[in-house]
Each structure stands twice: as C-alpha cells, then as structure tokens.
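Examining the three-dimensional arrangement
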Amino acid sequence: MATDGARPVVLVVDDEPAIRLLCRVNLEFEGYEVLEAATIAAAQDALSNGGVALVLLDMHIGLDDGMVLLRDILSREPAFQSQSSRAPPTSTTRDYSLADAVLAKPFTIDQLTDTVRTLAAR
C-alpha cells in the first residue's frame, strides 16, 4: 500500500457487475480506492486519467479479449510493468506470463485481497 497516506487505486475491469461489486466492496474494506470498468474502452478511459496503481483484468470482457488491454497497458505504461522490466508483448497469443499475477475464477475473497496486497506492496 502507499506509504504517503494515499489509498492505492485499483481498476477492476470485468463485464460482470456482480464480480465488479464483489471486488469493489472487499477492496474498499481493505483500504483501496476502486474504479470499475465494464468494457475495454471504459478501462482505457480510466487509465488515461492516471493514478491507477493496479488493474484487475478479466480476460473475457463480453466479446472483447482482455489481452488487448494488457498489451496496451504494457506498451504504453511502463509503471505497470513488473520489476523484471519485461518487454511489451507483440504477438497475439494469450500469454498469462505477461501478468504479474493470475487469479482464476472462482476465487475467494482471501485470494483477491492477498493478491492485491502483494502486488500493491511492490
């Protein structure tokens, strides 16, 4: 978490309102500020405003592929790249190693909060 008193901002990108609500309520309870996006376009808008520390991204957003947004984030936002400084992806394959963590559905609240806490501490 941020040490300057600011609450880290987590963007939850999922087309399922119930999943976004579950993440928002539990992450806000843990002290995070949570933004929601139901589409890749809405997520890109939220990211363009800056200030997002972490992105929880569903890989299937309606008919859209979450890898499109992940590649966009990694190619335009070096702050989102992990400490390993991996190169931005160029292929169209689904490479989950590009993500800093993978949280498979269904996940528990503990898995959600533990994963976000670990990533926010970096």
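Summary of the structure given here. (Residues numbered from 1 in each chain as written. Predicted model: local features only at pLDDT ≥ 70, side-chain atom pairs only at ≥ 80, totals over all residues. Heavy atoms only, no water.)

On to helix α1 (residues 17-29), then. With 13 residues, α1 should cover 18 Å at 1.5 Å per step; its first-to-last C-alpha distance of 18 Å lies within 8% of that length. When we look at burial in α1, the residues that qualify are I19, R20, C23, N26 and L27. Taken down its axis, α1 places every buried residue within 150° of arc, on the same side. Among the exposed residues of α1, those oriented more than 90 degrees off its buried face are P17, A18 and F29. As for α1, its buried residues are in contact with β1 (9-13), β2 (33-37), β3 (52-57) and α4 (109-120). Among the residues trailing α1, G31 stands out with phi positive, at a value near 105°. (Helix = DSSP H or I, 4+ residues; strand = E, 2+ residues; numbered from the N terminus. Expected span 1.5 Å × (residues − 1). Buried < 20%, exposed > 50% of the residue type's maximum accessible area, 1.4 Å probe, protein only. Arc of directions from axis to C-beta. Contact = heavy atoms within 4.5 Å.)

In sheet architecture, strand pairing relies on hydrogen bonds along the backbone and comes in two forms, parallel and antiparallel. Judged by pairing direction, the sheet is parallel, and its three strands sit side by side in the order β2-β1-β3 without closing on themselves. The open sheet terminates on both sides in strands that have one partner only, identified here as β2 and β3. Along the sheet, successive strands turn relative to each other by an average axial angle of 25°, direction set aside. With five bridges connecting them, β1 and β3 associate as parallel partners. If you follow V12 over to β3, its bridge partner there is L56. (Pairing = 2+ DSSP bridges. Axes fitted to C-alpha atoms, helices over the stretch in contact; angles between N-to-C directions.)

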